[in-house]
Amino acid sequence: MDKILVIAKKEFGSFFDSLVAYILLVAFLGFSGFFTWIQGSDIFMRREADLDVFFSVARWTLFFFIPALTMKMLAEEKKTGTIEMLLTKDVTDREVVLGKFTGCLMLVGVALLFTLPYYISVAWLGKMDHGATLTGYLGLLLMSAAYIAIGLFASSITNNQIVAFLLALLIGIFFHLLFDFLAAGSSGWISDLFNTLSLSNHYDSISRGVLDTKDLIYFGSITAIGIFLAEYFISKR
Amino acid sequence: MDIQVRHLSKTYGHQKAVDDISFDVHPGEILGFLGPNGAGKTTTMKMIAQYLAVETGDILIGGLSVKDQTLKSQIGYLPESNPLYHEMPVIDYLEYVAALQGLSKEKIKERVREMVKVCGLDVEKHKQISELSKGYKQRVGLAQAMIHDPAILILDEPTTGLDPNQIIEIRELIKNLGRHKTVLFSTHILPEVEATCDRILIINKGKIVADGTAGTLRQQAQGHEIHHIRIEDGATQEILSQVRALPSVQKVEVLDPGKNKFEIISKPNMPSNREVFQLCVQKHWVITELIPFETKLEDIFRDLTMN
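What comes next is a walk through the structure.

Definitions and cut-offs
Throughout this document, residue positions are counted from 1 along each chain, in the order its sequence is written. As they are written, the chains are lettered A onward and the ligands numbered 1 onward, keeping that order. Note on the predicted model: pLDDT of at least 70 is required for a residue's local features to be given, and 80 or more for side-chain atom pairs to be given and counted; whole-chain, interface and lining totals, by contrast, use all residues. As a rule here, side-chain values cover all heavy atoms of the structure and leave hydrogens and water aside. Relative accessible area decides the class of each residue, using a 1.4 Å probe on protein chains only: under 20% of the type maximum gives buried, over 50% gives exposed, and in between gives partly exposed. Helix numbering and strand numbering both begin at the N terminus, where a helix is a DSSP run of H or I of at least 4 residues and a strand a DSSP run of E of at least 2. Pairing between two strands requires that DSSP report at least two bridges joining them. Residue contacts are counted whenever heavy atoms from the two residues lie within 4.5 Å of one another. Where helices are involved, their axes are fitted lines through C-alpha atoms of the stretch in contact, as for all axes, and angles between N-to-C directions lie from 0 to 180°. Buried area adds together the accessible area that both of two parts lose upon being put together, with accessible area traced by a 1.4 Å probe. Any carboxyl oxygen of Asp or Glu that lies within 4 Å of a side-chain nitrogen of Lys or Arg is treated as forming a salt bridge with it. Throughout this description, a polar contact denotes any pair of N or O atoms lying within 3.5 Å of each other; where both atoms belong to protein, one of them has to be capable of donating a hydrogen while the other can accept it, and for residues adjacent in sequence the pair is counted only when both atoms sit in side chains. Each residue gets one label: Ala, Val, Leu, Ile, Met, Phe, Trp, Tyr, Cys and Pro are nonpolar, Asp, Glu, Lys and Arg are charged, and the others, such as Gly, are polar. Charged-residue counts in this description rest on Lys and Arg as positive and Asp and Glu as negative, His and the chain ends being excluded. Angle categories: roughly parallel below 35 degrees, roughly antiparallel above 145, roughly perpendicular from 65 to 115, and oblique for all the rest. Left-handed is the label given to a crossing in which the near helix is rotated counterclockwise from the far helix by less than a right angle, and right-handed is the label when the rotation is clockwise. Residues enter patches when they are more than 30% accessible in relative terms and free of salt bridges; like-charged ones are connected within 9 Å and nonpolar ones (Val, Leu, Ile, Met, Phe, Trp, Tyr) within 5 Å. Surface exposure here means Shrake-Rupley accessible area, sampled with a 1.4 Å probe, where a residue is shielded only by the protein chains that are shown. A pair of Phe, Tyr and Trp rings is counted when the ring centres sit within 6.5 Å of each other, with Trp represented by its six-membered ring. The angle between the planes then sorts it: under 30 degrees is stacked, over 60 is edge-to-face, the rest tilted.

A word on the pairing of strand 3 (residues 30-34) of chain B. All names here are of chain B. In terms of residue burial, strand 3 counts as a mostly covered element, since five of its five residues are buried. Burial along strand 3 is two-sided: I30, G32 and L34 and L31 and F33, pointing in opposite directions, are all buried. The pairing of strand 3 with strand 8 (residues 182-186) spans four bridges and is parallel. The residue of strand 8 that forms the bridge with L31 is L184. Note: strand 3 against strand 9 (residues 199-204), four bridges, orientation parallel.

Written out as structure tokens, the structure reads:
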């Protein structure tokens, strides 16, 4: 556990050293703030005290940003050979993957913390469903965890960062969008299967304020499988 | 702490990178690992450092098998290309590595301070690693390998790309460390091995072809003495035939006919210089030069690894 935190802290720190963190924070807050407060169907237009707009914008921004965060995490270490230095230290392959996962999740957590003023403002403007907002944030965190794990897996099978980025997006788009389309275009058990696989379905039900164990298991499994595969691919050397 | 390598093999596809090698390294010993590129040095070192898994055979560290448990904390490893996190400052990097090795907070500060001193990094310690010269990067590499004060050091070509002064510094550093630790290091620079190592191990095509001190390797490879001699007051042809007739002489060659210079190679384990001297006294020839000739390590290396 100690080693995981050591690695997580280093990864978290290197996001800030390389400016990645600042770009992510500015872009994330910029996008979500713009659509939540200023543009189109913003809060003042809808006259409803909730963060639904924010959640749907955040869902898409994180979908694009997370692969950009994870793409270098293992691919670059493999390319420069630092993975050899890292894995000959007193750490296991799993600790390395989990450390990187945690570091990335910490950055997403910080990005979400910076949106607390949105929440406070909306709560001050009108009568808000605090439960649904809370599960909305939880949904974003769970979704991020799943995408980070997918990103780490993509990063573990190549030493080219661009390949890792595109692969993570490609896998992500299935969960984010395509399974939904496939479910709509088919019927019977196949449709059910795609519905179950679709990340949007599970995310929607959580962000509506319904906490179902099915959804928790779903996000947990994707995360676990991604981490497990990443660990498997870096142990193959 | 000992390293015992037992019947170690490793294949990449169809190619045997390491082929049934066995050797021991003991504490207080510096073992020089030699061999042409692609001989299996780096693969062997990676397996000892537990980056690569052991396929067949075994590696025992202090009597314990690396197959049963990870013994990484006992080992300091400097990989071949010295990979470092270039965007990190030297101090932060060393602290990170120390934490990965599981040192306590106070210990981390203490060891980082010590490594900065030992490796001569004081002036550069706040710089980013990417800003350092190659020699200083190499020192950072050595510092990260030694940060947790391991009993065993595995250094893969620690002196490549350094200037002669830096090479001597690093060599001295390794020598000092070798007094208390078990050191295994690989290199291409043969004089370096003689200057630094207690023992030499030469591998070629995955197999050990020589194991011993520089002295014993010379004997094994050659077994016979070589002398360069200059004899005056005699005819070249007569000297040649008389010396050839001596029982201890295997081969005589004329090096410089005008000056009567010869190369005399004696038979294995039979010194010939006394007989040659007696012959010259008998014939009233005057020996004006007699130079014992040592086989160079380069020649031994070439003999063993070229086929």
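So much for the structure itself; the text now carries on.
Moving on: the side chain of B:H227. Take B:H227: it is sitting in strand 11 (residues 226-232). If we skip the residues at most four places from it in the chain, B:H227 touches B:F262, B:E263, B:I264, B:N273, B:L290, B:I291 and B:P292.

With that out of the way, let us pick up the sheet that holds strand 8 of chain B. Pairing between sheet strands relies on hydrogen bonds along the backbone, with the strands arranged either parallel or antiparallel. All names here are of chain B. The sheet built from six strands is open, its strands ordered 6-7-8-3-9-10 with mixed pairing. Either end of the sheet is taken by a strand with one partner, and the two such strands are strand 6 (75-78) and strand 10 (207-212). Mean inter-strand twist for the sheet, computed between neighbouring axes without regard to direction, equals 15 degrees. For strand 9 and strand 10, the ladder comprises five bridges, and the chain directions are antiparallel.

At the interface, 18 residues of chain A touch 23 residues of chain B. Note on chain A versus chain B: buried area summed over both sides is about 2100 Å², and carbon and sulfur give 61% of it. Two residues, A:E84 and B:K46, come together in a salt bridge whose shortest N-O distance is 3.8 Å. Between the two partners, chain A and chain B, sit eight residue pairs in polar contact (both at pLDDT 80 or more). Those elements giving two or more residues to the side of chain A that touches chain B turn out to be helix 1 (2-17), helix 4 (52-80) and helix 5 (82-87) of chain A. Broken down by element, the residue count for the side of chain A that touches chain B peaks at six residues, all from helix 5 of chain A. Of the residues belonging to the side of chain A that touches chain B, the class tally is seven nonpolar, four polar and seven charged.

Turning our eyes to something else, we now look at the side chain of A:K89. Mapped onto the fold, A:K89 is located in the loop between helix 5 and helix 6 (93-113). A:E84 provides the closest opposite charge to the buried, salt-bridge-free A:K89, at an N-O distance of 9.8 Å. If we skip the residues at most four places from it in the chain, A:K89 touches B:K72, B:Y77, B:V97, B:L100, B:Q101 and B:Q144.

Turning next to the packing of helix 8 (residues 130-156) of chain A against helix 9 (residues 161-185) of chain A. Two quantities define a packed helix pair, namely the angle between the axes and the distance from one axis to the other. Residues and elements named next belong to chain A. For the pair helix 8 and helix 9, the least separation of the axes is 8 Å and the interaxial angle reads 140 degrees. When the axes of helix 8 and helix 9 are compared, the pair comes out oblique. The handedness of the crossing between helix 8 and helix 9 comes out as right-handed. For the pair helix 8 and helix 9, the contacting residues are M143, Y147, I150, G151, F153, A154 and S155 in the first and A164, L167, A168, I171, G172, F175 and H176 in the second. Tallied by class, the residues present in the contact of helix 8 with helix 9 amount to 10 nonpolar, four polar and no charged.

Moving on to a nonpolar patch on the surface. A cluster of nonpolar side chains, A:F31, A:F34, A:F35 and A:I38, forms an exposed patch at the surface whose accessible area comes to about 380 Å². Mapped onto the elements, A:I38 comes out in helix 2 (residues 20-38).

Attention now goes to the packing of aromatic side chains. All names here are of chain A. Tallied over the full model, the rule gives 22 aromatic pairs over all chains. Centre to centre, the rings of W37 and Y118 are 6.0 Å apart; their planes meet at 80 degrees, and the pair counts as edge-to-face. Of this pair, W37 sits in helix 2 while Y118 sits in helix 7 (residues 116-125), and the two are 81 residues apart along the sequence. For the pair formed by W37 and Y118, the shared burial category is buried. Ring centres 6.0 Å apart and planes at 45 degrees place the aromatic pair F54 and Y137 in the tilted group. With a gap of 83 residues between them, F54 in helix 4 and Y137 in helix 8 connect regions that are remote in the sequence.

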